[in-house]
Amino acid sequence: MARRSPLSKLHISKRLQWARNHMSYGDKWMAVLFSDEKKWNLDGPDGNIKYWHDLRKEPRSFFSRQSGGASVMVWAAFSFNGQVGLAFLDDRHNSPKYIETLENDLMPFAENIGGRNW
């Protein structure tokens with residue numbers, strides 16, 4: 001079954017243009033760091049109607065949560081020179097908590113490989 005990209009044609013075009021503009025970035029990529037976070041629900045999908053499954057097996061049924069099921073939020077980062085270990089985030093991650101994650105997990109990594117020029 002073909003899967004449609006969740007990106008619009010405009011987003012695809014802008015991402016492609018960004019990539020083309022940065023193809024000759026050269027050694028500057030050594031000072032770039034990417035980070036992201038992801039939440040996993042421990043008791044099934046979070047309101048998704050579709051999910052990937054083995055077609056040789058029966059589809060699973062998921063029930064809605066009555067009181068907010070358990071989940072885990074993970075943050076990570078990587079650069080040309082390596083990756084930051086996973087950070088497991090507690091509670092809701094607001095601005096002060098995010099700053100704390102950056103101070104505790106990102107800055108030691110960045111300073112170790114790039115000094116203070118990040």
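Everything here concerns the structure above.
Computed from a prediction, not measured in an experiment: that's the story for all the values here.

Brief notes about the packing of aromatic side chains
Then, in step 1: Scanning all chains against the criterion turns up four aromatic pairs.
Then, in step 2: Aromatic pair W18 and W29: ring centres 5.9 Å apart, planes at 70°, arrangement edge-to-face. One end of the pair, W18, is in helix α1 (residues 9-21); the other, W29, is in the loop between α1 and β1 (33-41), with 11 residues separating them in the sequence.
Then, in step 3: For W18, a relative accessible area of 44% gives the class partly exposed.

Concerning a nonpolar patch on the surface
Then, in step 1: A surface patch of nonpolar side chains, about 330 Å² in accessible area, is lined by W18, F34 and F78.
Then, in step 2: Mapped onto the fold, F78 is located in strand β2 (residues 71-79).
Then, in step 3: Under the relative-accessibility criterion, F78 is labelled partly exposed at 47%.

Observations regarding the pairing of β2
Then, in step 1: Where β1 and β2 come together, nine bridges link them in antiparallel fashion. Within β2, the position partnered with K38 by the bridge is V74.
Then, in step 2: Note: β2 against strand β4 (residues 87-89), three bridges, orientation antiparallel. Residue M73 lies in a different strand from β4, and its bridge partner there is L89.
Then, in step 3: The pairing of β2 with strand β3 (residues 82-83) spans two bridges and is antiparallel. What sits directly across from F78, in β3, is Q83.

Reading guide: rules and limits
- Residues numbered from 1 in each chain as written.
- Predicted model: local features only at pLDDT ≥ 70, side-chain atom pairs only at ≥ 80, totals over all residues.
- Heavy atoms only, no water.
- Phe/Tyr/Trp six-rings, centres within 6.5 Å; stacked < 30°, edge-to-face > 60°.
- Helix = DSSP H or I, 4+ residues; strand = E, 2+ residues; numbered from the N terminus.
- Buried < 20%, exposed > 50% of the residue type's maximum accessible area, 1.4 Å probe, protein only.
- Patch = residues over 30% accessible without salt bridge, like charges linked within 9 Å, V, L, I, M, F, W, Y side chains within 5 Å.
- Areas by Shrake-Rupley, 256 points an atom, 1.4 Å probe, with all protein chains shown as cover.
- Salt bridge = Lys/Arg side-chain N within 4 Å of Asp/Glu carboxyl O.
- Pairing = 2+ DSSP bridges.

By themselves, these are just geometric observations and shouldn't be taken as functional.
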